[in-house]
Amino acid sequence: MRQFELTHHQIFKSSNLQIKDMNLTLKIWRQKDAASKGGIQTYPLGGIEADMSFLEMLDVLNQELIDKGEEPVVFDHDCREGICGTCSLQINGEPHGPDRGITTCQLHMRAFKDGDTITIEPFRAKAFPVIKDLVVDRTSFERIQQAGGYISVNTSGNTQDANSIPIPKDQADAAFYAATCIGCGACVAACKNASAMLFTSAKVSQMALLPQGEVEADRRVLAMVEQMDKEGFGNCTNTGACEIECPKGISLENIARMNREYMRASVK
Amino acid sequence: MAKSALLKSSLAKKYWMAFTGLFLCLFLVGHLAGNLQLLASGEGARDQFNEYALFMTSNPAVRILSIVTFASILFHVIDGIIITINNRKARPKGYVSFKPSTNSKWSSRNMGVLGTIILAFIVIHLINFWGEMKFGEWETRDESNIEAVHVMENGVAVVEMEEQDQTSNLIYTTESGAEVKDLYTITIKTFQDPEWGLIWAIIYLIAMIAIGFHLYHGFGSGFQSLGINHPKYNTFVRRVGVGFAIIVPLLFAIIPFYIYFVLDKI
Amino acid sequence: MGVLDSKVPQGPLAEKWVNHKNKINLVNPANKRNIDVIIVGTGLAGGSAAATLAELGYNVKTFCYQDSPRRAHSIAAQGGINAAKNYQGDGDSDFRLFYDTVKGGDYRSRESNVYRLAEVSGNIIDQCVAQGVPFAREYGGLLDNRSFGGVLVSRTFYAKGQTGQQLLLGCYSAMNRQINRGKIKSYTRHEMLDVVLVGGKARGIIARDLVTGEIERHSAHAVVIASGGYGNVFFLSTNAMGSNVTAAWKVHKKGAYFANPCFTQIHPTCIPVSGEHQSKLTLMSESLRNDGRIWVPKKLEDAKAIREGKLKPTELAEEDRDYYLERRYPAFGNLVPRDVASRAAKERCDAGFGVNKTGEAVYLDFSAAFMRYGREAVSTQKIDNASEEDIRELGKAVVEAKYGNLFQMYEKIVDENPYVTPMKIYPAVHYTMGGLWVDYNLQTTVPGLYAAGEANFSDHGANRLGASALMQGLADGYFVLPYTMGDYLANDISTGKIPTDSPEFEEAEKNIRGQLERFINTKGTKSVDYFHKRLGKIMWDKVGMSRNATGLKEAISEIKALRGEFWKEVRVPGTINEMNPELEKAGRVADFLELGELFAKDALHREESCGGHFREEFQTEEGEALRDDENFMYVAAWEYTGEPADAVLHKEELKYENIEVKTRSYK
């Protein structure tokens, strides 16, 4: 049948010739494993269409590398629709690239021009050690949440009715906006101090804003900040870079809220 | 945990930074109010300023305040250094390509540099005046001093001068009869020095620009660090901060130039 | 094992679950400490099961291939979660939710399971709110509801367009509490590669650490598979890139039956494929069909001109447009269920009326909505002498308030302004109703091996209604497994720690290592993606939205041939002992290449059309699905015997004692 006759070329190369393809120079951080030194390598790449997503462009590069018998570039990605927070990448000096309000997987090649040089690096922070190439270990974020990012209620099936505590809509919305954080780490990557304050504060705020979470708010904020410090993140100097680069637009207000929460909890 | 949290945690460091910083903003207002008296001319200017200086150095409340101010500066500096060192450690391996200008303001990223300039300035400033007042010798009369006395006698009617000890000049006898150094004259002389006056003024100007940028970020940042952030009032705080960062250093900076170019020579 | 025992408790429908809970065995709290449970997958089903089992006192180990449990693909669910709370007072009840779900599933699901799902749905909402899930609220401070396709009440709870993410974060926070207590050990960047049976019972797994490449043995007294669906067998789907069938397929090969693999949901409103480079498809919320009208050109020459870029859709006169859903289904119009809308789009595109360069897209047009809302705004705002243009602009503002984020997302991806040019949409693989066969206790045909969430053949029958997947995942994990597993584990209180140095573990590890080495050593000429794309194309063309016997038979032999080629020609760079995504993909595609064949075999055997399964031979004169309740009102559970082609069919007859079985009609 038809698809059995499909050649390699037909499957991997676009047959649409009306669109002018882009030629790019990629400068990509390559690092064999956590212990290796690593460095930037340059790859010329042609045949890129504006409609491709940035990660699809990397797919094309990897296909070429595999065909040549070289090792493909390893990068983190999963849902490719901007919600799972897996993809990272510092693209031309900015986390998730030049566009605002999106993750790397939502970045499309129309943001670039034919002939562009694109530098692609892993997110950099002491608390985000490189695992391989562009993949970093963000489990420091998980440990911060494990330290206290929860409300201590058991699953029983006898929890009080969901509507028994009315919550003002504004407050519920504010909690929701804090909770939209996808934990991608762009805030840390963008911050000149590699601070995790935006992330931690979003998690603290989400629960502090709800009556259900208020009960153990003090314990939570103290534990989470302590863990955040332990992980080796830098200190917030309020540059605001995190808020600008955050794909979900998490507000600095959350940091201020955490500052308040923490102060209140620590003087008690 | 709570106790050590208020000293050791990263957030506590920010509280202290903000708290001392905002206190120093208050100090700047007070200091500026005093300094603006230097813009006055005429007979009462020297008296007024020196009485003010005396009050500032002798009033016990003010003395405590000045100790707090010094402590604040010290704390602000040390805290700043610790934070900067920690922050350097938080990213041991930097980016090949990093474009922070796309997401943050220059001043916010260079508080350390600006702070260092300001610290250097504070040292110079203290040597110039506070050191002079505290440790400077009760000067013996030399050529320039004679000149100064001369000018002073011509320019400002100071009765006490004639009665003064021949070996010391720039002494101001207060209303209560005590003798103190004449800060007014020291100040005016510094900025009217034909060789150095303008250079001092320019150094002060540079320092005030640094303070301006430091305040431009620091004022609002202090509020944010203390958790004072509310969409309703943020614009107000930001505007006050910008106004403060422009007006206060500008007025400070005007004074040396005014003394050099406008004020009657002494 | 000829007969499948669904273990449905006796008694009236509404009392089955309560009675069952009252009668099953419990494990003493002190004994729970001596029992280990492995959970594979940390989405809503796995995460909620892990948290609850750990709360109860079991020692839980969770495994996920993602770098955090919170990134499981449940996170991508947009619309909402159903629950029969009847907060709106519109007549909702457990029975109604049960009824809608069974009917929506085209009468191919198990009554008792669905009723239990409806019964615990309210508890889910209570639990989530207690955990701090920020559901949408009204100004009075109470929870808000919206309505979803195929039902007559408002029972969908939501958190803007990211209900899945909020629910999963709630679930993950419950997990975090247990991780902090040391009751859950979370293994991230780990992939389960096989299940280990000792004495016929599931007693552990073989997993690979995706960072170091190390192959690990983990033992437990029971294993839960909550690894999601297998939509990626189509290569292109709305699933995450890493979503795979490996865990479910490996347990199938060890004895768990695989049920109804051909029941796949194809969602009608996705962004069309833009080119051969496409790696993944993006869903647009179903809610858009409330206001958008779906059409293609009436004349073939117009469609051709549009494809070639010579004609703009906005230039086409009203009478030259074919609003085919409104034409075919006047009663439901653009709001027909997902399977019907998808098939209708395919029918038009196959007939040559597609409107993008690949010919596989239809228009979703909001211009009528702009005018309708615009006129409403003119009237409410008392605007005199509004021009046509003014009205349109006012209407656009209303539409923007409703769907702004979706329009923006569309524009980001497609680079076309949907306020000016109609959106282009096309159906895409979205959810798989089929999965591991489980009994009432969610246990597979292997003792001690459970399956939850999308990974089991589930409660959705042949078609899933919107906002029901989240409900099922959380019901399984929070409220079903913790009870039913206790019943099984009560027999294991004196078993003690399961050793991992037994011959069974030895053997399983050896096999896995052998398979991984074979991938690396094949050193063929084609990448893993090459095979995955070809498999996807066979599946989409012949086992996709509509199927026929000829195509299915071709698919079966083509997939088999492709599998042979894969094992000879695949090229996997790198080594086993390192982070190696190509190696991971190779393992997953190898399993898809087997599942795909069973999928086609199942579709071929089911000689009827129902829900997501449409056989061209079995349709009414008007082209509607023709169900055969006489011969096919059963769950097809396949037993693995060596090759997918040789799988043995076991039937679980479905009995409807509380619902009258009817034909779905949307005319």
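Residues numbered from 1 in each chain as written. Chains lettered and ligands numbered in written order. Predicted model: local features only at pLDDT ≥ 70, side-chain atom pairs only at ≥ 80, totals over all residues.

> Quick question: what am I supposed to make of the overall build of chain A here?
Counting secondary structure elements, chain A contains 11 helices and 7 strands. Along the first, second and third principal axes, the C-alpha atoms of chain A reach 70 × 45 × 30 Å. Relative to its 268 residues, chain A shows a buried fraction of 60%. Once local pairs closer than 6 in sequence are excluded, the contacts in chain A between residues at least 24 apart make up 70%. (Helix = DSSP H or I, 4+ residues; strand = E, 2+ residues; numbered from the N terminus. Buried ≥ 20, exposed ≤ 12 C-beta atoms within 10 Å, placed from the backbone. Contact = placed C-beta atoms within 7 Å.)

> In this structure, what is going on with the overall build of chain C? I would like to understand it.
On a plain count of helices and strands, chain C comes out with 18 helices and 19 strands. On C-alpha atoms alone, chain C measures out to a radius of gyration of 25 Å, which is about the 26 Å that the 2.2 N^0.38 rule sets for 667 residues. Pairs at least 24 residues apart make up 73% of the contacts formed inside chain C by residues separated by at least 6 positions. (Rg over C-alpha atoms; globule rule 2.2 N^0.38 Å.)

> Mind showing me how you'd approach the packing of helix 7 (residues 197-208) of chain A against helix 9 (residues 217-230) of chain A here?
Helix-helix packing is characterised by the crossing angle of the two axes and by the distance between the axes. Residue and element names in this part refer to chain A. Running from N to C, helix 7 and helix 9 point in directions that differ by 170 degrees, and their axes come no closer than 10 Å. By the criterion of interaxial angle, the relationship of helix 7 to helix 9 is roughly antiparallel. Of the residues in helix 9, those touching helix 7 at Thr200, Lys203, Val204, Met207 and Ala208 are Ala217, Arg220, Val221, Met224, Val225 and Met228. Taken together, the residues that form the contact of helix 7 with helix 9 break down as 8 nonpolar, 1 polar and 2 charged. (Axes fitted to C-alpha atoms, helices over the stretch in contact; angles between N-to-C directions. Parallel < 35°, antiparallel > 145°, perpendicular 65-115°, else oblique. Nonpolar A, V, L, I, M, F, W, Y, C, P; charged D, E, K, R; others polar.)

> Could you clarify how one ought to interpret unusual backbone geometry in this entry?
Glycine aside, residues mostly have negative phi angles, and peptide bonds mostly take the trans form. Residue and element names in this part refer to chain C. A positive phi is found at Asp415, a non-glycine position, where the angle reads about 65 degrees. Mapped onto the elements, Asp415 comes out in the loop between helix 12 (388-414) and strand 15 (423-432). A count of 12 C-beta atoms within 10 Å places Asp415 in the exposed class. Positive phi, close to 45 degrees, is recorded for Lys523, a residue that is not glycine. Tracing the chain through its elements places Lys523 in the loop between helix 14 (503-522) and helix 15 (528-542). Exposure remark for Lys523: the 12 C-beta atoms within 10 Å place this residue in the exposed category.

> I'm lost on the sheet that holds strand 7 (residues 201-209) of chain C in this one. Help?
Each strand in a sheet pairs with its neighbour through backbone hydrogen bonds, running either in the same direction (parallel) or in the opposite one (antiparallel). All names here are of chain C. As summarised here, the arrangement of the 3 strands in space is 6-7-8, forming an open sheet in which the pairing is antiparallel. The open sheet has two edge strands, strand 6 (190-198) and strand 8 (215-219), and neither has a second partner. Ignoring strand direction, the axes of neighbouring strands in this sheet form an average angle of 25 degrees. In this sheet, strand 7 lies alongside strand 6 in antiparallel orientation, the contact comprising 8 bridges. Residue pairing for strand 7: Val198 is matched across the bridge by Lys201. (Pairing = 2+ DSSP bridges.)

> Would you take a moment to explain the domain arrangement of chain A for this structure?
The figure often quoted for interface size is the accessible area lost as the parts come together. Residues and elements named next belong to chain A. For chain A, the domain assignment lists domain 1 (2-121) and domain 2 (138-154 + 164-267). Between the C-alpha centres of domain 1 and domain 2 there is a distance of 32 Å. At the interface, 12 residues of domain 1 touch 10 residues of domain 2. Its residues assigned to classes, the side of domain 1 that touches domain 2 comprises 4 nonpolar, 7 polar and 1 charged. (Domains from an automatic or database assignment.)

> Sorry if this is basic, but what is going on with the interface of chain A and chain C here?
Facing the 72 residues of chain A at the interface are 74 residues of chain C. Among the elements of the structure, helix 1 (2-5), helix 2 (8-12), helix 3 (54-67), strand 6 (130-132), helix 4 (139-148), helix 5 (169-179), helix 7 and helix 8 (211-214) of chain A are those that each provide at least two residues to the side of chain A that touches chain C. Of the residues forming the side of chain A that touches chain C, the biggest block, 6 residues, is contributed by helix 3 of chain A. For the side of chain A that touches chain C, the per-class residue count stands at 30 nonpolar, 25 polar and 17 charged.

> Which parts of the structure should I look at to understand the nonpolar core?
Soluble, globular proteins show a tendency: their nonpolar side chains are buried together. If you look at the biggest cluster of nonpolar residues, it comprises 301 residues, and the most contacted ones within it are A:Val188, C:Val224, C:Ile225, C:Val362 and C:Leu436. Residue-level mapping places this core at the junction of two domains, with at least three residues from each of domain 1 (2-121) and domain 2 (138-154 + 164-267) of chain A. Leave out the neighbours within four places in its chain, and C:Val224 touches C:Val37, C:Ile38, C:Ile39, C:Val40, C:Gly46, C:Ala49, C:Tyr450, C:Ala452 and C:Leu481. (Core = buried A, V, L, I, M, F, W, Y, C linked by C-beta atoms within 7 Å.)

> Help me out: how do you make sense of the interface of chain A and chain B in this one?
Chain A puts 42 residues into the contact, and the matching count from chain B is 38 residues. Listed by contribution, the elements that provide at least two residues to the side of chain A that touches chain B are strand 5 (117-121), helix 9, helix 10 (241-245) and helix 11 (253-267) of chain A. It is helix 11 of chain A that contributes the most residues to the side of chain A that touches chain B, 10 residues altogether.

> Would you take a moment to explain the confidence of the model for chain C for this structure?
Detailed conclusions should not be drawn from predicted coordinates in areas where pLDDT is low. When the pLDDT values of chain C are averaged, the result is 94; 99% of them are 70 or greater. Interface scoring of the predicted complex returns ipTM 0.94; its pTM is 0.93. (pLDDT = per-residue confidence, 0-100.)

> Is there a simple way to explain helix 4 (residues 60-89) of chain B in this structure?
Counting along an α-helix, one turn takes 3.6 residues, and residues three or four places apart therefore face a common direction. All names here are of chain B. Counted at 1.5 Å a residue, the expected span for helix 4 with its 30 residues is 44 Å, and the 43 Å between its end C-alpha atoms agrees. Considered for burial, the residues of helix 4 that qualify are His76, Asp79, Gly80, Ile83 and Asn87. Considering only its buried residues, helix 4 is in contact with helix 2 (10-35) and helix 6 (111-134). (Expected span 1.5 Å × (residues − 1).)

> Would you take a moment to explain helix 11 of chain A for this structure?
Residues and elements named next belong to chain A. A rise of 1.5 Å per residue sets the reference length of helix 11, with its 15 residues, at 21 Å; its end C-alpha atoms lie 21 Å apart and thus fit the reference within 8%. In terms of burial, helix 11 is largely enclosed, as 11 of its 15 residues are buried. Listing the buried residues of helix 11 in full gives Glu253, Asn254, Ile255, Ala256, Arg257, Met258, Asn259, Glu261, Tyr262, Met263 and Ser266.

> Just to check I follow, could you spell out the pairing of strand 5 of chain A for this structure?
The two faces of a sheet get side chains in turn, since along a regular strand they alternate between them. All names here are of chain A. Counted residue by residue, strand 5 has 4 buried out of 5 residues, so it is predominantly covered. Bridge count for strand 1 (residues 22-30) against strand 5 is 4 bridges, and the pairing is parallel. Paired with Thr25 across the bridge in strand 5 is Thr117. In this structure, strand 3 (residues 90-91) lies alongside strand 5, joined through 2 bridges in antiparallel fashion. From the neighbouring strand, Ile91 faces strand 5, where its bridge partner is Ile120.

> Help me out: how do you make sense of the arrangement of the chains in this one?
Between chains A and C lies the most contact-rich interface of the 2 pairs of chains that touch. Taking C-alpha atoms only, the smallest gap left between chain B and chain C, which are not in contact, amounts to 18 Å.

> Which parts of the structure should I look at to understand the packing of helix 11 (residues 367-380) of chain C against helix 12 of chain C?
Residues and elements named next belong to chain C. Two elements in contact, helix 11 and helix 12, have axes whose closest approach is 6 Å; the angle formed by their N-to-C orientations is 100 degrees. By the angle between their axes, helix 11 is roughly perpendicular relative to helix 12. Facing Ala369, Phe370, Met371, Arg372, Tyr373, Gly374, Arg375, Ala377 and Val378 of helix 11, the residues of helix 12 in contact are Ile391, Arg392, Leu394, Gly395, Lys396, Val398 and Val399. In terms of residue class, the contact of helix 11 with helix 12 is made up of 10 nonpolar, 2 polar and 4 charged.

> Sorry if this is basic, but what is going on with the sheet that holds strand 5 (residues 184-187) of chain C here?
All names here are of chain C. In spatial order, the strands read 5-2-1-9-17; together these 5 strands make up an open sheet with parallel pairing. Strands with a single pairing partner mark the edges of an open sheet, and in this sheet they are strand 5 and strand 17 (449-451). Adjacent strand axes in the sheet meet at a mean angle of 20 degrees, parallel and antiparallel pairs treated alike. Here 4 bridges tie strand 1 (residues 36-40) to strand 9 (residues 222-225), and the two strands are oriented parallel to one another. By the bridge assignment for strand 9, Val37 is matched with Ala222.

> Which parts of the structure should I look at to understand the environment of B:Leu11?
Mapped onto the fold, B:Leu11 is located in helix 2. Separated by 229 residues in sequence, B:Leu11 and B:Val240 have C-alpha atoms that sit 25 Å apart. Excluding residues that lie within four positions of it along the chain, B:Leu11 makes contacts with A:Val225, A:Asn259 and A:Tyr262.

> Explain the environment of C:Glu653 to me, please; I cannot follow it from the model alone.
Residue and element names in this part refer to chain C. Within the secondary structure, Glu653 sits in strand 19 (residues 648-653). In this structure, the C-alpha to C-alpha distance between Glu653 and Glu554, residues 99 residues apart in sequence, is 29 Å. When sequence neighbours within four positions are dropped, the list of residues in contact with Glu653 reads Met633 and Tyr634.

> Explanation requested: the environment of B:Leu39 in the structure shown.
All names here are of chain B. Its place among the elements puts Leu39 in the loop between helix 2 and helix 3 (44-58). Distance in space between the C-alpha atoms of Leu39 and Arg63 is 25 Å, their sequence separation being 24 residues. Residues contacting Leu39, with those up to four places away along its chain left out, are Ile255 and Tyr258.

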